[in-house]
Number of protein chains: 2
Amino acid sequence: MLALCIQVKEILHQERSPYQDILVFESTNHGNVLVLDGIIQCTERDECAYQEVITHTPLNCHPNPKKVLVIGGGDGGVLREVVKHDVVEEVVLCEIDEAVIRVCQKYLPSMAVGFKHPKVRVHIGDGFKYMAENQATFDVIITDSSDAVGPAAVLYQVEYYQLLKASLAPQGIICNLVDSVWANEPLIRRVLTFLKDEYPSVGVATAYTPTYVTGQLSFIVASKQPNQNLAVPVRKWTQAQERRLCQYYGAEVHESSFIHPNFMRQLISECLSETSKVDHL
Amino acid sequence: MLALCIQVKEILHQERSPYQDILVFESTNHGNVLVLDGIIQCTERDECAYQEVITHTPLNCHPNPKKVLVIGGGDGGVLREVVKHDVVEEVVLCEIDEAVIRVCQKYLPSMAVGFKHPKVRVHIGDGFKYMAENQATFDVIITDSSDAVGPAAVLYQVEYYQLLKASLAPQGIICNLVDSVWANEPLIRRVLTFLKDEYPSVGVATAYTPTYVTGQLSFIVASKQPNQNLAVPVRKWTQAQERRLCQYYGAEVHESSFIHPNFMRQLISECLSETSKVDHL
């Protein structure tokens, strides 16, 4: 197995919430770091890659994203990114664990700044329940969750993706984390295989994420609109806007994040094809 | 600081050569791993990314690469990739440490298979001396070296790049490792800044490399041909050939490997511009 170590300068906060262990430490050269149940969630140094790709990829694939839902995302980083889109009228954050929000507001202010925007509404509660009560509502839903182990495992099941679909408005788009193909190929294979029966358009984007084991994260992007090429943003910023708004994401980065090494391209095409051959690479 | 750990199943070999400590171990799920002076060089599980990108990127940017030189590369993986190009007539590997070759032939046969090809010629000796004696000779020179610390540090100096240039045939192209922008931005900044005065066309490509800290490696590609867009391969395989020949590289991957996050694009453009502003990002 692989493991990633980040040097700790000082433990800033530690608590056991009703849902998980929450730890924040100051690292020697990656800024403050949020750790949930022993797994690094983000560091101030490189969180831009994750937050920007998981947010702007689905938002720029939607022609007119007025209502956005974020499931999880208690650090506020995704909110900070969503409100960069002037077209968005409201963004709801549904986080089960209020302690994460409280801790991040204190120790990760550069992310938690997202909570301060007037378009943001916070709902503390279970995402499953919230979506069941808010059907056909959201143009974009982003699931900013923990890994597919422990309590977040339910977010990697077909039932969750069906619930997302029901909560999406027509032509709605979702974006969900699915680990790295290098670290967890079986997970990506399983999710893609059931997704092709649920959503008419499905794609996989990747981003360089230095403080995640393998240095890569993959994101599922799926749309209710048939034959949508999710690798091509339907809305783009100018290069000057990109430089002002983003450290990582841009229209070219969007397109290239859907281009994959041969072995991964073959895996995706096997999983998404109707005949879905199961030859292992 | 960041550190990457790979679980050891069994130490297979350990020796001190006249140049470095050489260690090979079997890992629990990344195959056999080569370690030089305590730094992981490659694992059987993901070496394809590094070897294919450092080799096919420069070779496919050259219209007719007949003579290729590899400096370092004692594991044989780059040789294995070079000989996939039928147009290549001869590839010389210049490795200072014969012990690396001997150890890899025993413990990393899937890479060392490169040594068996009839187009390969091995020269045990110092790359600086070899290039000084072989001027204006090679169409492509690949430097497959260790990190920019210890004995390999001289490979990251302007004098080395001048020597490479002198050893290149007209229109020749080089490809060199330069760490990751996340891990060592100052190195990339320094090398690019002196390179722009040495080579008329310079580009930076990246590859996902899970068993390298930060999960990314960057490669300098530089050509003696003016105004060459190194992001666009001048020779391409068909998709069927790509699937047969490569696990990672392909023409689309080539192009996307030159597309960078905003902060890195800005860094590169600052370093390569004539006015070379030194604003720090």
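Quick notes on the rules
Residues numbered from 1 in each chain as written. Chains lettered and ligands numbered in written order. Predicted model: local features only at pLDDT ≥ 70, side-chain atom pairs only at ≥ 80, totals over all residues. Heavy atoms only, no water. UniProt positions renumbered as here; feature names shortened; annotations may be inferred. Pairing = 2+ DSSP bridges. Helix = DSSP H or I, 4+ residues; strand = E, 2+ residues; numbered from the N terminus. Axes fitted to C-alpha atoms, helices over the stretch in contact; angles between N-to-C directions. Contact = heavy atoms within 4.5 Å. Buried area = accessible area lost by both parts, 1.4 Å probe. Salt bridge = Lys/Arg side-chain N within 4 Å of Asp/Glu carboxyl O. Polar contact = N/O pair within 3.5 Å; in protein donor to acceptor, adjacent residues only side chain to side chain. Least-squares fit on C-alpha atoms with pLDDT ≥ 70 in both. Buried < 20%, exposed > 50% of the residue type's maximum accessible area, 1.4 Å probe, protein only. Phe/Tyr/Trp six-rings, centres within 6.5 Å; stacked < 30°, edge-to-face > 60°.

Chain A has the name Putrescine aminopropyltransferase in an unreviewed UniProt entry, where Dispira parvispora is given as its organism. The record in UniProt for chain A states the following under Sequence similarities (unreviewed entry): "Belongs to the spermidine/spermine synthase family."

Draft legend 1. The sheet that holds strand S11 (residues 201-208) of chain B, seen in detail. Residue and element names in this part refer to chain B. Taken in spatial order, the seven strands of this open sheet run S8-S7-S6-S9-S10-S12-S11, and their pairing is mixed. Both outer strands of the open sheet, strand S8 (120-124) and S11, are each paired with one neighbouring strand and no more. Neighbour-to-neighbour, the strand axes of the sheet open up by a mean angle of 20°, direction not taken into account. The sheet contact formed by strand S10 (residues 168-177) and strand S12 (residues 216-223) spans five bridges and is antiparallel. From the neighbouring strand, Cys-175 faces S12, where its bridge partner is Val-221.

Draft legend 2. Region of interest: the sheet that holds strand S4 (residues 32-36) of chain B. Residues and elements named next belong to chain B. Ordered in space as S2-S3-S4-S5, the four strands form an open sheet in which the pairing is antiparallel. Strands with a single pairing partner mark the edges of an open sheet, and in this sheet they are strand S2 (8-16) and strand S5 (39-43). Adjacent strand axes in the sheet meet at a mean angle of 25°, parallel and antiparallel pairs treated alike. Across the sheet, helix H3 (residues 98-107) lies against S2, strand S3 (21-27) and S4, angled at about 150° from S2, the strand it touches most.

Draft legend 3. Quick look at the interface of chain B and chain A. Taken residue by residue, the interface counts 39 residues in chain B and 39 residues in chain A. Taking both sides of the interface into account, the surface hidden between chain B and chain A amounts to around 3,400 Å²; carbon and sulfur atoms contribute 56%. Looking only at chain B, the three residues that lose the most surface to chain A are Met1(B), Trp182(B) and Tyr208(B), adding up to 23% of its buried area. Here chain B and chain A share four salt bridges between them. Salt-bridge contacts for Glu242(A) lead to Arg265(B); the nearest nitrogen and oxygen are separated by 3.6 Å. On the surface where chain B and chain A come into contact, there are 21 residue pairs in polar contact (both at pLDDT 80 or more). Where the side of chain B that touches chain A is concerned, the elements lending two or more residues are strand S1 (2-6), S11, helix H8 (239-245), helix H9 (251-256) and helix H10 (262-272) of chain B.

Draft legend 4. Layout of the pairing of S2(B). Residue and element names in this part refer to chain B. One ladder, built from seven bridges, connects S2 with S3; its direction is antiparallel. Within S3, the position partnered with Ile-11 by the bridge is Phe-25. Linking S2 back to S3 in an antiparallel pair, the connection comprises four residues.

Draft legend 5. Quick peek at the relation of the copies chain B and chain A. Superposition record for chain B on chain A: RMSD 0.0 Å, screw rotation 180°, translation along axis 0.0 Å. Taken together, the rotation and translation relating the two chain copies correspond to the operation of a two-fold axis. Taking the C-alpha atom as reference, chain B places Gly215(B) closest to the rotation axis, 1.9 Å from it. Here 100% of the contact residues of chain B are again contact residues in chain A; the copies associate through an equivalent surface.

Draft legend 6. Region of interest: the UniProt feature "active site" (unreviewed entry) in chain A. Residues and elements named next belong to chain A. Here, the residues flagged by UniProt with the feature "active site" (unreviewed entry) are Asp-144. Secondary-structure assignment places Asp-144 in strand S9 (residues 138-144). When residues no more than four places from it in sequence are discounted, the contact partners of Asp-144 are Tyr-50, Gln-51, Ile-54, Val-70, Ile-71, Gly-72, Gly-73, Asp-75 and Val-78.

Draft legend 7. Looking closely at the side chain of Thr57(A). Residue and element names in this part refer to chain A. Mapped onto the elements of the fold, Thr-57 is located in helix H1 (residues 47-61). A residue is classified by how much of its surface remains accessible, and Thr-57, at 1% relative accessible area, is buried. Reaching out from Thr-57, the side chain makes a polar contact with the backbone oxygen of Val-53 at a distance of 2.6 Å. Not counting residues within four places of it along the chain, the set of residues in contact with Thr-57 comprises Glu-52, Val-221, Tyr-249, His-254 and Phe-258.

Draft legend 8. Helix H3 (residues 98-107) of chain A, seen in detail. By the burial criterion, the buried members of H3(A) are Ala99(A), Val100(A), Ile101(A), Val103(A), Cys104(A) and Tyr107(A). Those residues of H3(A) hidden inside the fold are in contact with strand S2 (8-16), strand S3 (21-27), strand S4 (32-36), strand S7 (90-95), helix H4 (109-112) and strand S8 (120-124) of chain A.

Draft legend 9. View of the packing of aromatic side chains. Residue and element names in this part refer to chain A. Using the criterion set out here, one finds 17 aromatic pairs over all chains in the structure. Seen from their ring centres, Phe-128 and Tyr-160 are 5.3 Å apart, and the 50° between their planes marks the pair as tilted. Of this pair, Phe-128 sits in helix H5 (residues 127-133) while Tyr-160 sits in helix H6 (residues 158-167), and the two are 32 residues apart along the sequence. Residue classification places Tyr-160 among the buried positions, given a relative accessible area of 0%. Aromatic rings pair up to connect Phe-128, Tyr-160, Tyr-161 and Phe-194 into one cluster.

Draft legend 10. Geometry of the UniProt feature "domain: PABS" (unreviewed entry) in chain A. The UniProt entry lists residues 1-224 of chain A under the feature "domain: PABS" (unreviewed entry), expressed in the numbering used here. Note that residues 1-224 of chain A is 28% helix and 36% strand, and that its end C-alpha atoms are spaced 37 Å apart.

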